[in-house]
Amino acid sequence: MKSISVCVIGAGTAGLAALKNSLEHQLNVVCYEQSKQIGGTWVYEDLSPNIEDECEIHSSMYQGLRTNLPKEVMGYLDFPYPESMADSFVSSHDVLSFLYLYAEHFDLQKHIKFQHEVIRVLPRTNGRWEVHVKNRLTGKCFVEMFDRIFVCNGHYTKPQYPRIEGMEIYQGCSIHSHLYREPYKFEGEDVLIIGAGPSGMDLTNQISKTAKRVFLSHHLKEAPRTDFMPRVTQKPDVQRFTESGAIFKDGSQETFSFVIFCTGYQYSFPFLSTDCGIFVANNHVQPLYKHTININFPTMAIIGLPFMVLPTQCFDLQVRFVLKFFSNEQKLPTQEEMMDALHEDMQERKERGLTERDAHKMGEKQWFVLFQFVYYQELSKIAGHNVKPVIAKIMKDCSKKYIFELETYRQYQFKVLDDENFLKIHVK
Ligand SMILES: Cc1cc2nc3c(=O)[nH]c(=O)nc-3n(C[C@H](O)[C@H](O)[C@H](O)COP(=O)(O)OP(=O)(O)OC[C@H]3O[C@@H](n4cnc5c(N)ncnc54)[C@H](O)[C@@H]3O)c2cc1C
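Residues numbered from 1 in each chain as written. Predicted model: local features only at pLDDT ≥ 70, side-chain atom pairs only at ≥ 80, totals over all residues. Heavy atoms only, no water.

Naming follows an unreviewed UniProt entry, where the protein chain appears as Flavin-containing monooxygenase of Stomoxys calcitrans. Under the UniProt heading Sequence similarities (unreviewed entry), the entry covering the protein chain gives this text: "Belongs to the FMO family." As stated in UniProt under Cofactor (unreviewed entry), the record for the protein chain gives "FAD". (UniProt positions renumbered as here; feature names shortened; annotations may be inferred.)

Split into domains, the protein chain comes out as domain 1 (5–158 + 265–403) and domain 2 (167–261). Counting residues at the interface gives 18 residues for domain 1, matched by 18 residues for domain 2. Overall, the association of domain 1 and domain 2 removes approximately 1,500 Å² of surface from exposure, summing both partners, and the carbon and sulfur fraction of that is 56%. Three residues, Y62, Y402 and I403, lead the burial of domain 1 against domain 2; their summed loss comes to 43% of the area buried on that side. Connecting domain 1 to domain 2 are zero salt bridges. When its residues are assigned to classes, the side of domain 1 that touches domain 2 shows nine nonpolar, seven polar and two charged. (Domains from an automatic or database assignment. Contact = heavy atoms within 4.5 Å. Buried area = accessible area lost by both parts, 1.4 Å probe. Salt bridge = Lys/Arg side-chain N within 4 Å of Asp/Glu carboxyl O. Nonpolar A, V, L, I, M, F, W, Y, C, P; charged D, E, K, R; others polar.)

Moving on, we come to the sheet that holds strand 11 (residues 213–217). Read across the sheet, five strands follow the order 9-16-10-11-12 without closing on themselves; strand pairing throughout is parallel. Each edge of the open sheet is held by one strand with a lone partner, namely strand 9 (173–176) and strand 12 (232–235). Neighbour-to-neighbour, the strand axes of the sheet open up by a mean angle of 20°, direction not taken into account. Pairing analysis gives four bridges linking strand 9 to strand 16 (residues 258–261), with the strands arranged parallel. Bridge assignment links I175 to a residue of strand 16, and that residue is I260. Against the sheet, helix 3 (residues 198–208) contacts strand 10 (190–194), strand 11, strand 12 and strand 16, and its axis sits at roughly 170° relative to strand 11. (Pairing = 2+ DSSP bridges. Helix = DSSP H or I, 4+ residues; strand = E, 2+ residues; numbered from the N terminus. Axes fitted to C-alpha atoms, helices over the stretch in contact; angles between N-to-C directions.)

With that settled, consider the site of the ligand. Near the ligand you find 30 residues, and of these E33, T41, W42, H58 and N68 are the closest. Burial of the ligand by the protein chains amounts to 93% of its free accessible area of 1,000 Å². Sorting the residues of the shell around the ligand by element identifies helix 1 (13–24), strand 2 (28–33), strand 4 (116–123) and helix 4 (311–326) as the ones contributing at least two each. Per-element accounting of the shell around the ligand gives the leading share, three residues, to strand 4. By residue class, the composition of the shell around the ligand is 14 nonpolar, 14 polar and two charged. (Near = heavy atom within 4 Å. Areas by Shrake-Rupley, 256 points an atom, 1.4 Å probe, with all protein chains shown as cover.)

Let's shift gears to the packing of aromatic side chains. Inspection of the entire model under this criterion finds 26 aromatic pairs. Measuring from centroid to centroid gives 5.6 Å for Y170 and F256, while their planes differ by 45°, and the two rings are tilted. Taken together, the positions of Y170 in the loop between strand 8 (158–159) and strand 9 and F256 in the loop between strand 15 (253–255) and strand 16 put the pair 86 residues apart, joining distant regions of the chain. Like F256, Y170 is buried. (Phe/Tyr/Trp six-rings, centres within 6.5 Å; stacked < 30°, edge-to-face > 60°. Buried < 20%, exposed > 50% of the residue type's maximum accessible area, 1.4 Å probe, protein only.)

Another point: helix 5 (residues 335–351). Taking 1.5 Å per residue as the helical rise, helix 5 with its 17 residues ought to reach 24 Å, and the 24 Å between its terminal C-alpha atoms agrees with that figure. Turning to helix 5, its buried residues number three or more, namely M338, L342, D345, M346 and R349. The buried residues of helix 5 occupy one face: seen down the axis, they fall within an arc of 95°. In helix 5, those exposed residues whose orientation departs by more than 90 degrees from the buried face are E336, E344, K350 and E351. (Expected span 1.5 Å × (residues − 1). Arc of directions from axis to C-beta.)

Attention now moves to unusual backbone geometry. Following Q286, the chain continues into P287 via a peptide bond in cis, with omega recorded as -5°. Its location among the elements puts P287 in the loop between strand 19 (284–286) and strand 20 (288–289). The backbone of Q26 shows a phi angle near 60°, a positive value even though the residue is not glycine. Looking at the element boundaries, Q26 is found in the loop between helix 1 and strand 2. Judged by relative accessible area, Q26 falls into the exposed class, the value being 63%. Positive phi, close to 60°, is recorded for K400, a residue that is not glycine. By the element assignment, K400 lies in the loop between helix 8 (389–398) and helix 9 (401–404). Assessed through its relative accessible area of 42%, K400 is described here as partly exposed.

Residues E336, E337, D340 and E344 make up a contiguous surface patch of negative charge. On the secondary structure map, E337 appears in helix 5. What makes E337 partly exposed here is its relative accessible area of 45%. (Patch = residues over 30% accessible without salt bridge, like charges linked within 9 Å, V, L, I, M, F, W, Y side chains within 5 Å. Lys, Arg positive; Asp, Glu negative; His and termini not counted. Charge placed at Lys NZ, Arg CZ, Asp CG, Glu CD.)

Rendered as C-alpha coordinates:
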(Lines give C-alpha, C1' and ligand atoms only; values in the text may rest on other atoms or scores of the structure.)
Protein backbone atom coordinates (compact mmCIF):
# COMPACT_ATOMS: atom_id res chain seq x y z
CA MET A 1 0.00 0.00 0.00
CA LYS A 2 1.29 3.45 -0.85
CA SER A 3 2.38 5.35 2.23
CA ILE A 4 0.25 8.25 3.44
CA SER A 5 1.92 11.58 2.67
CA VAL A 6 2.03 14.31 5.32
CA CYS A 7 2.91 17.98 5.07
CA VAL A 8 4.09 19.78 8.22
CA ILE A 9 4.03 23.58 8.02
CA GLY A 10 6.68 25.09 10.35
CA ALA A 11 9.61 23.65 12.30
CA GLY A 12 9.10 25.20 15.73
CA THR A 13 8.29 23.22 18.89
CA ALA A 14 4.98 21.98 17.41
CA GLY A 15 6.24 21.21 13.88
CA LEU A 16 9.18 19.19 15.21
CA ALA A 17 6.78 17.04 17.29
CA ALA A 18 4.54 16.55 14.23
CA LEU A 19 7.52 15.56 12.09
CA LYS A 20 9.07 13.19 14.66
CA ASN A 21 5.82 11.39 15.44
CA SER A 22 4.75 11.15 11.78
CA LEU A 23 8.09 9.45 11.02
CA GLU A 24 7.47 7.03 13.89
CA HIS A 25 4.13 6.16 12.26
CA GLN A 26 6.05 5.35 9.03
CA LEU A 27 4.29 8.16 7.19
CA ASN A 28 5.86 9.88 4.24
CA VAL A 29 6.46 13.33 5.72
CA VAL A 30 7.92 16.64 4.52
CA CYS A 31 8.28 19.72 6.72
CA TYR A 32 8.44 23.21 5.19
CA GLU A 33 10.10 25.92 7.25
CA GLN A 34 10.19 29.47 5.91
CA SER A 35 13.32 30.48 7.86
CA LYS A 36 16.88 29.15 7.80
CA GLN A 37 16.61 27.12 11.00
CA ILE A 38 14.41 25.23 13.43
CA GLY A 39 13.09 26.75 16.68
CA GLY A 40 10.50 29.40 15.65
CA THR A 41 9.72 31.61 18.65
CA TRP A 42 13.03 30.73 20.31
CA VAL A 43 15.16 32.16 17.52
CA TYR A 44 16.07 35.75 18.44
CA GLU A 45 15.64 38.12 15.49
CA ASP A 46 17.16 41.61 15.38
CA LEU A 47 14.86 44.26 13.98
CA SER A 48 15.74 45.79 10.64
CA PRO A 49 15.16 49.57 10.68
CA ASN A 50 12.58 49.59 7.87
CA ILE A 51 9.95 47.08 8.85
CA GLU A 52 6.79 47.71 6.87
CA ASP A 53 4.66 44.98 8.41
CA GLU A 54 5.13 43.75 12.00
CA CYS A 55 4.31 40.20 10.85
CA GLU A 56 7.45 40.16 8.64
CA ILE A 57 9.25 39.34 11.90
CA HIS A 58 8.25 35.90 13.14
CA SER A 59 9.73 35.78 16.64
CA SER A 60 8.86 37.95 19.66
CA MET A 61 11.93 36.86 21.58
CA TYR A 62 13.78 39.59 23.51
CA GLN A 63 17.17 39.83 25.17
CA GLY A 64 17.47 38.59 28.74
CA LEU A 65 14.31 36.45 28.59
CA ARG A 66 14.23 33.56 31.02
CA THR A 67 11.43 31.03 30.70
CA ASN A 68 8.34 31.49 32.87
CA LEU A 69 8.08 27.71 33.29
CA PRO A 70 10.82 25.44 34.60
CA LYS A 71 12.54 23.31 31.98
CA GLU A 72 11.35 20.22 33.90
CA VAL A 73 7.87 20.80 32.40
CA MET A 74 9.03 22.13 29.03
CA GLY A 75 10.30 18.90 27.51
CA TYR A 76 8.48 16.56 25.11
CA LEU A 77 6.55 13.58 26.49
CA ASP A 78 9.42 11.19 25.70
CA PHE A 79 12.34 13.63 25.59
CA PRO A 80 13.04 15.73 28.70
CA TYR A 81 15.66 18.47 29.02
CA PRO A 82 19.14 17.12 29.79
CA GLU A 83 20.11 17.12 33.46
CA SER A 84 23.36 18.86 32.48
CA MET A 85 21.37 22.11 32.16
CA ALA A 86 21.48 23.13 35.80
CA ASP A 87 18.96 25.99 36.08
CA SER A 88 15.25 25.33 35.90
CA PHE A 89 14.28 28.70 34.42
CA VAL A 90 16.51 28.73 31.37
CA SER A 91 17.37 31.30 28.69
CA SER A 92 15.89 31.33 25.18
CA HIS A 93 19.29 30.07 23.92
CA ASP A 94 18.95 27.01 26.17
CA VAL A 95 15.44 26.30 24.85
CA LEU A 96 16.74 26.54 21.29
CA SER A 97 19.67 24.21 22.14
CA PHE A 98 17.15 21.74 23.55
CA LEU A 99 15.13 21.81 20.31
CA TYR A 100 18.36 21.14 18.38
CA LEU A 101 19.06 18.16 20.66
CA TYR A 102 15.58 16.81 19.93
CA ALA A 103 15.99 17.27 16.17
CA GLU A 104 19.40 15.62 16.28
CA HIS A 105 18.29 12.70 18.46
CA PHE A 106 15.42 11.82 16.09
CA ASP A 107 17.36 12.79 12.95
CA LEU A 108 14.73 15.31 11.85
CA GLN A 109 16.69 17.96 9.96
CA LYS A 110 17.01 15.94 6.73
CA HIS A 111 13.19 15.95 6.42
CA ILE A 112 12.93 19.77 6.70
CA LYS A 113 13.03 22.02 3.65
CA PHE A 114 14.39 25.30 5.00
CA GLN A 115 13.65 28.68 3.43
CA HIS A 116 10.48 27.17 1.97
CA GLU A 117 7.36 29.16 2.75
CA VAL A 118 3.92 27.63 2.34
CA ILE A 119 1.91 30.31 0.59
CA ARG A 120 -1.35 28.51 -0.20
CA VAL A 121 -3.21 25.38 0.88
CA LEU A 122 -6.30 24.20 -1.00
CA PRO A 123 -8.46 21.07 -0.59
CA ARG A 124 -8.92 19.03 -3.76
CA THR A 125 -12.00 17.00 -4.65
CA ASN A 126 -10.01 13.73 -4.50
CA GLY A 127 -9.56 14.29 -0.75
CA ARG A 128 -5.94 15.44 -1.10
CA TRP A 129 -4.31 18.79 -0.29
CA GLU A 130 -2.69 21.06 -2.85
CA VAL A 131 0.18 22.90 -1.20
CA HIS A 132 1.84 25.86 -2.91
CA VAL A 133 5.38 26.48 -1.70
CA LYS A 134 7.76 29.35 -2.37
CA ASN A 135 11.49 28.66 -2.30
CA ARG A 136 12.76 31.84 -0.66
CA LEU A 137 16.28 31.34 -2.03
CA THR A 138 15.32 31.13 -5.69
CA GLY A 139 11.97 32.95 -5.52
CA LYS A 140 10.41 30.04 -7.44
CA CYS A 141 7.06 28.50 -6.50
CA PHE A 142 5.95 24.89 -6.88
CA VAL A 143 2.97 22.74 -6.00
CA GLU A 144 2.94 19.43 -4.08
CA MET A 145 0.03 17.16 -3.19
CA PHE A 146 -0.41 15.62 0.26
CA ASP A 147 -2.90 13.35 2.05
CA ARG A 148 -2.61 15.02 5.48
CA ILE A 149 -1.58 18.43 6.80
CA PHE A 150 -0.23 19.56 10.16
CA VAL A 151 -0.48 23.34 10.47
CA CYS A 152 2.24 24.38 12.98
CA ASN A 153 2.87 28.01 12.01
CA GLY A 154 3.00 29.51 15.55
CA HIS A 155 0.63 31.98 17.18
CA TYR A 156 2.84 34.77 18.53
CA THR A 157 3.47 36.83 15.42
CA LYS A 158 0.36 38.90 14.63
CA PRO A 159 -0.12 41.54 17.36
CA GLN A 160 -3.50 42.15 18.96
CA TYR A 161 -4.20 45.80 19.82
CA PRO A 162 -7.07 47.02 21.98
CA ARG A 163 -9.33 49.74 20.57
CA ILE A 164 -8.81 52.83 22.74
CA GLU A 165 -10.14 56.31 22.06
CA GLY A 166 -7.51 58.83 20.97
CA MET A 167 -4.86 56.33 19.84
CA GLU A 168 -4.53 58.22 16.57
CA ILE A 169 -3.80 61.58 18.23
CA TYR A 170 -1.08 60.32 20.59
CA GLN A 171 2.22 61.82 19.33
CA GLY A 172 4.70 59.60 21.21
CA CYS A 173 6.12 56.27 20.05
CA SER A 174 4.15 53.07 20.40
CA ILE A 175 5.13 49.47 19.77
CA HIS A 176 3.71 46.04 20.49
CA SER A 177 5.73 43.71 22.75
CA HIS A 178 6.25 41.60 19.58
CA LEU A 179 8.87 44.19 18.53
CA TYR A 180 10.43 44.76 21.97
CA ARG A 181 14.07 43.60 22.04
CA GLU A 182 15.96 45.30 24.91
CA PRO A 183 15.37 47.92 27.65
CA TYR A 184 18.16 50.45 26.86
CA LYS A 185 16.05 52.36 24.36
CA PHE A 186 13.80 53.42 27.25
CA GLU A 187 16.57 54.73 29.53
CA GLY A 188 15.48 57.99 31.23
CA GLU A 189 12.06 57.89 29.51
CA ASP A 190 8.50 57.78 30.80
CA VAL A 191 6.86 54.59 29.53
CA LEU A 192 3.31 53.23 29.61
CA ILE A 193 2.98 49.45 29.52
CA ILE A 194 -0.48 48.10 28.75
CA GLY A 195 -1.25 44.56 29.94
CA ALA A 196 0.02 42.54 32.92
CA GLY A 197 0.41 39.07 31.37
CA PRO A 198 3.81 37.32 31.50
CA SER A 199 5.32 39.70 28.88
CA GLY A 200 3.82 42.86 30.41
CA MET A 201 5.18 41.96 33.84
CA ASP A 202 8.61 40.96 32.53
CA LEU A 203 8.97 44.11 30.41
CA THR A 204 7.84 46.33 33.30
CA ASN A 205 10.56 44.77 35.44
CA GLN A 206 13.28 45.09 32.77
CA ILE A 207 12.42 48.63 31.71
CA SER A 208 11.86 50.02 35.22
CA LYS A 209 15.55 49.47 36.03
CA THR A 210 16.60 52.36 33.78
CA ALA A 211 13.47 54.29 32.75
CA LYS A 212 12.45 57.52 34.55
CA ARG A 213 8.91 56.30 35.29
CA VAL A 214 6.89 53.28 34.20
CA PHE A 215 3.08 53.12 34.32
CA LEU A 216 1.63 49.62 34.25
CA SER A 217 -2.00 49.70 33.10
CA HIS A 218 -4.11 46.58 33.62
CA HIS A 219 -7.49 45.29 34.79
CA LEU A 220 -6.42 42.28 36.85
CA LYS A 221 -8.76 41.67 39.78
CA GLU A 222 -5.81 41.27 42.14
CA ALA A 223 -3.05 43.85 41.70
CA PRO A 224 0.29 42.24 40.82
CA ARG A 225 3.29 42.83 43.12
CA THR A 226 5.54 45.57 41.78
CA ASP A 227 6.93 47.02 45.05
CA PHE A 228 10.41 45.69 44.22
CA MET A 229 10.45 47.58 40.93
CA PRO A 230 11.72 51.14 41.22
CA ARG A 231 9.62 53.90 39.66
CA VAL A 232 6.60 51.73 38.71
CA THR A 233 3.04 53.00 39.22
CA GLN A 234 0.06 50.73 38.56
CA LYS A 235 -2.88 52.22 36.69
CA PRO A 236 -6.31 51.00 35.65
CA ASP A 237 -7.27 50.75 31.95
CA VAL A 238 -6.71 53.76 29.70
CA GLN A 239 -9.90 55.80 29.22
CA ARG A 240 -8.44 57.74 26.30
CA PHE A 241 -5.12 58.84 24.88
CA THR A 242 -4.14 62.51 24.64
CA GLU A 243 -1.41 64.01 22.42
CA SER A 244 1.24 63.52 25.10
CA GLY A 245 -0.12 60.75 27.33
CA ALA A 246 -3.37 59.29 28.59
CA ILE A 247 -6.30 59.71 30.95
CA PHE A 248 -7.02 56.54 32.94
CA LYS A 249 -10.35 55.12 34.06
CA ASP A 250 -9.83 56.45 37.63
CA GLY A 251 -9.59 60.00 36.19
CA SER A 252 -5.80 60.31 36.70
CA GLN A 253 -3.69 61.67 33.84
CA GLU A 254 -0.05 61.01 32.92
CA THR A 255 2.36 61.99 30.17
CA PHE A 256 4.87 59.57 28.64
CA SER A 257 6.99 59.21 25.52
CA PHE A 258 6.52 55.48 24.83
CA VAL A 259 3.63 53.03 24.92
CA ILE A 260 4.23 49.27 24.79
CA PHE A 261 1.16 47.14 24.07
CA CYS A 262 1.56 43.79 25.84
CA THR A 263 -1.92 42.86 24.72
CA GLY A 264 -1.43 39.48 23.11
CA TYR A 265 -1.65 38.05 19.61
CA GLN A 266 -4.18 36.99 16.99
CA TYR A 267 -4.42 33.57 15.41
CA SER A 268 -3.62 33.87 11.74
CA PHE A 269 -3.42 31.44 8.83
CA PRO A 270 -2.74 33.63 5.79
CA PHE A 271 -1.94 30.59 3.60
CA LEU A 272 -5.19 28.67 4.17
CA SER A 273 -7.69 29.25 1.37
CA THR A 274 -11.26 29.83 2.56
CA ASP A 275 -12.13 26.46 0.99
CA CYS A 276 -10.17 24.81 3.81
CA GLY A 277 -13.24 25.45 5.96
CA ILE A 278 -11.37 27.17 8.81
CA PHE A 279 -12.31 30.62 10.02
CA VAL A 280 -11.23 32.79 12.96
CA ALA A 281 -13.78 34.94 14.77
CA ASN A 282 -12.98 36.69 18.07
CA ASN A 283 -9.79 34.68 18.33
CA HIS A 284 -11.74 31.43 18.13
CA VAL A 285 -10.42 29.12 15.40
CA GLN A 286 -13.26 26.97 14.17
CA PRO A 287 -14.67 24.44 13.63
CA LEU A 288 -12.15 22.22 15.41
CA TYR A 289 -12.52 18.88 17.18
CA LYS A 290 -10.62 18.93 20.51
CA HIS A 291 -8.99 22.25 19.51
CA THR A 292 -6.98 20.59 16.76
CA ILE A 293 -8.77 18.60 13.98
CA ASN A 294 -10.50 20.54 11.20
CA ILE A 295 -14.07 19.21 11.40
CA ASN A 296 -14.82 20.20 7.79
CA PHE A 297 -11.71 18.40 6.48
CA PRO A 298 -10.42 16.03 9.19
CA THR A 299 -7.22 15.31 7.26
CA MET A 300 -5.98 18.72 8.46
CA ALA A 301 -4.98 19.49 12.04
CA ILE A 302 -3.77 22.70 13.66
CA ILE A 303 -1.26 22.19 16.47
CA GLY A 304 -0.56 24.68 19.25
CA LEU A 305 -3.71 26.77 19.66
CA PRO A 306 -4.44 26.18 23.39
CA PHE A 307 -2.94 28.73 25.77
CA MET A 308 -2.30 28.69 29.51
CA VAL A 309 -0.98 25.18 29.00
CA LEU A 310 2.30 23.30 29.15
CA PRO A 311 3.06 24.13 25.51
CA THR A 312 5.51 21.40 24.52
CA GLN A 313 3.72 18.57 26.31
CA CYS A 314 0.36 19.78 25.01
CA PHE A 315 1.55 20.00 21.39
CA ASP A 316 3.17 16.56 21.59
CA LEU A 317 -0.05 15.10 22.94
CA GLN A 318 -2.17 16.81 20.27
CA VAL A 319 0.11 15.42 17.55
CA ARG A 320 -0.08 11.86 18.93
CA PHE A 321 -3.87 12.16 19.21
CA VAL A 322 -4.22 13.38 15.63
CA LEU A 323 -1.86 10.75 14.23
CA LYS A 324 -4.08 7.94 15.45
CA PHE A 325 -6.65 9.24 12.96
CA PHE A 326 -4.21 10.37 10.27
CA SER A 327 -2.71 6.86 10.14
CA ASN A 328 -6.16 5.22 10.12
CA GLU A 329 -5.46 3.38 13.40
CA GLN A 330 -8.58 4.96 14.90
CA LYS A 331 -11.89 5.84 13.32
CA LEU A 332 -12.94 9.45 13.74
CA PRO A 333 -16.33 10.31 15.22
CA THR A 334 -18.84 11.54 12.62
CA GLN A 335 -18.86 15.20 11.64
CA GLU A 336 -22.06 15.63 13.64
CA GLU A 337 -20.53 14.08 16.76
CA MET A 338 -17.47 16.31 16.45
CA MET A 339 -19.67 19.42 16.08
CA ASP A 340 -21.65 18.32 19.17
CA ALA A 341 -18.39 17.97 21.14
CA LEU A 342 -17.35 21.46 20.04
CA HIS A 343 -20.68 23.00 21.08
CA GLU A 344 -20.56 21.19 24.43
CA ASP A 345 -17.08 22.57 25.11
CA MET A 346 -18.17 26.11 24.20
CA GLN A 347 -21.30 25.82 26.33
CA GLU A 348 -19.28 24.63 29.33
CA ARG A 349 -16.89 27.59 28.90
CA LYS A 350 -19.81 30.01 28.66
CA GLU A 351 -21.23 28.66 31.93
CA ARG A 352 -17.86 29.35 33.56
CA GLY A 353 -18.13 32.98 32.42
CA LEU A 354 -15.53 32.73 29.64
CA THR A 355 -15.99 34.71 26.44
CA GLU A 356 -15.34 33.53 22.89
CA ARG A 357 -11.86 35.13 23.04
CA ASP A 358 -11.03 32.44 25.62
CA ALA A 359 -12.21 29.57 23.42
CA HIS A 360 -8.73 28.00 23.43
CA LYS A 361 -7.78 28.92 27.00
CA MET A 362 -7.09 25.93 29.23
CA GLY A 363 -7.16 27.75 32.56
CA GLU A 364 -6.74 26.14 35.93
CA LYS A 365 -10.34 25.04 36.24
CA GLN A 366 -10.02 22.85 33.19
CA TRP A 367 -6.54 21.64 33.93
CA PHE A 368 -6.60 20.14 37.33
CA VAL A 369 -8.74 17.37 38.68
CA LEU A 370 -6.70 15.52 41.30
CA PHE A 371 -3.49 16.70 39.62
CA GLN A 372 -4.63 15.52 36.21
CA PHE A 373 -5.34 17.76 33.26
CA VAL A 374 -8.84 17.29 31.88
CA TYR A 375 -8.01 18.28 28.29
CA TYR A 376 -4.86 16.18 28.30
CA GLN A 377 -6.76 13.21 29.68
CA GLU A 378 -9.25 13.44 26.82
CA LEU A 379 -6.43 13.44 24.26
CA SER A 380 -4.51 10.70 26.04
CA LYS A 381 -7.42 8.24 25.82
CA ILE A 382 -6.75 8.13 22.07
CA ALA A 383 -3.07 9.11 22.01
CA GLY A 384 -2.03 6.41 24.48
CA HIS A 385 0.32 8.80 26.31
CA ASN A 386 -0.35 11.30 29.05
CA VAL A 387 1.39 14.06 30.97
CA LYS A 388 2.98 12.58 34.11
CA PRO A 389 1.39 13.55 37.46
CA VAL A 390 4.72 15.04 38.61
CA ILE A 391 4.64 17.47 35.68
CA ALA A 392 1.13 18.59 36.66
CA LYS A 393 2.29 19.08 40.25
CA ILE A 394 5.27 21.23 39.26
CA MET A 395 3.03 23.22 36.95
CA LYS A 396 0.58 23.89 39.76
CA ASP A 397 3.44 25.03 41.97
CA CYS A 398 4.52 27.58 39.32
CA SER A 399 1.08 28.81 38.33
CA LYS A 400 0.70 32.62 38.21
CA LYS A 401 3.96 33.18 40.06
CA TYR A 402 4.89 35.91 37.58
CA ILE A 403 2.14 38.09 39.07
CA PHE A 404 2.93 37.80 42.77
CA GLU A 405 6.50 36.49 43.02
CA LEU A 406 8.16 37.80 39.87
CA GLU A 407 11.43 38.74 41.57
CA THR A 408 11.89 35.41 43.40
CA TYR A 409 10.15 32.55 41.61
CA ARG A 410 13.05 31.90 39.24
CA GLN A 411 15.40 31.42 42.21
CA TYR A 412 14.27 27.81 42.53
CA GLN A 413 15.44 24.61 40.94
CA PHE A 414 13.11 21.68 40.43
CA LYS A 415 14.23 18.09 40.37
CA VAL A 416 11.94 15.31 39.15
CA LEU A 417 12.38 12.32 41.47
CA ASP A 418 9.89 9.93 39.86
CA ASP A 419 6.56 10.05 38.00
CA GLU A 420 4.81 11.43 41.11
CA ASN A 421 7.32 13.44 43.14
CA PHE A 422 9.68 16.38 42.80
CA LEU A 423 12.11 18.39 44.89
CA LYS A 424 12.21 22.18 44.95
CA ILE A 425 15.47 23.79 46.04
CA HIS A 426 16.18 27.47 46.66
CA VAL A 427 19.35 28.30 44.73
CA LYS A 428 19.94 32.07 44.86
C1 LIG B 1 7.92 36.06 24.54
C2 LIG B 1 7.48 34.63 24.68
C3 LIG B 1 7.86 33.91 25.79
C4 LIG B 1 7.47 32.56 25.93
N5 LIG B 1 7.87 31.88 27.04
C6 LIG B 1 7.55 30.56 27.15
C7 LIG B 1 8.05 29.78 28.25
O8 LIG B 1 8.71 30.29 29.15
N9 LIG B 1 7.76 28.46 28.28
C10 LIG B 1 7.01 27.85 27.28
O11 LIG B 1 6.80 26.64 27.35
N12 LIG B 1 6.50 28.58 26.26
C13 LIG B 1 6.76 29.90 26.16
N14 LIG B 1 6.28 30.62 25.10
C15 LIG B 1 5.37 29.98 24.15
C16 LIG B 1 6.12 29.39 22.93
O17 LIG B 1 5.85 30.19 21.85
C18 LIG B 1 5.69 27.97 22.70
O19 LIG B 1 6.17 27.23 23.81
C20 LIG B 1 6.24 27.31 21.44
O21 LIG B 1 7.59 27.58 21.27
C22 LIG B 1 5.43 27.64 20.20
O23 LIG B 1 5.83 26.73 19.21
P24 LIG B 1 5.13 26.65 17.78
O25 LIG B 1 5.84 25.58 17.05
O26 LIG B 1 3.67 26.57 17.94
O27 LIG B 1 5.38 28.06 17.10
P28 LIG B 1 6.72 28.77 16.65
O29 LIG B 1 7.81 28.53 17.62
O30 LIG B 1 6.33 30.18 16.39
O31 LIG B 1 7.11 28.04 15.28
C32 LIG B 1 6.39 28.21 14.10
C33 LIG B 1 7.32 27.98 12.91
O34 LIG B 1 6.56 27.98 11.71
C35 LIG B 1 7.24 28.68 10.70
N36 LIG B 1 6.24 29.16 9.72
C37 LIG B 1 5.22 30.03 9.96
N38 LIG B 1 4.50 30.21 8.83
C39 LIG B 1 5.08 29.43 7.86
C40 LIG B 1 4.78 29.19 6.49
N41 LIG B 1 3.76 29.79 5.88
N42 LIG B 1 5.58 28.33 5.81
C43 LIG B 1 6.63 27.72 6.40
N44 LIG B 1 6.96 27.92 7.70
C45 LIG B 1 6.19 28.77 8.44
C46 LIG B 1 7.95 29.78 11.46
O47 LIG B 1 9.04 30.32 10.75
C48 LIG B 1 8.36 29.06 12.76
O49 LIG B 1 9.65 28.49 12.65
C50 LIG B 1 6.66 31.97 24.94
C51 LIG B 1 6.26 32.71 23.83
C52 LIG B 1 6.68 34.03 23.69
C53 LIG B 1 6.24 34.79 22.47
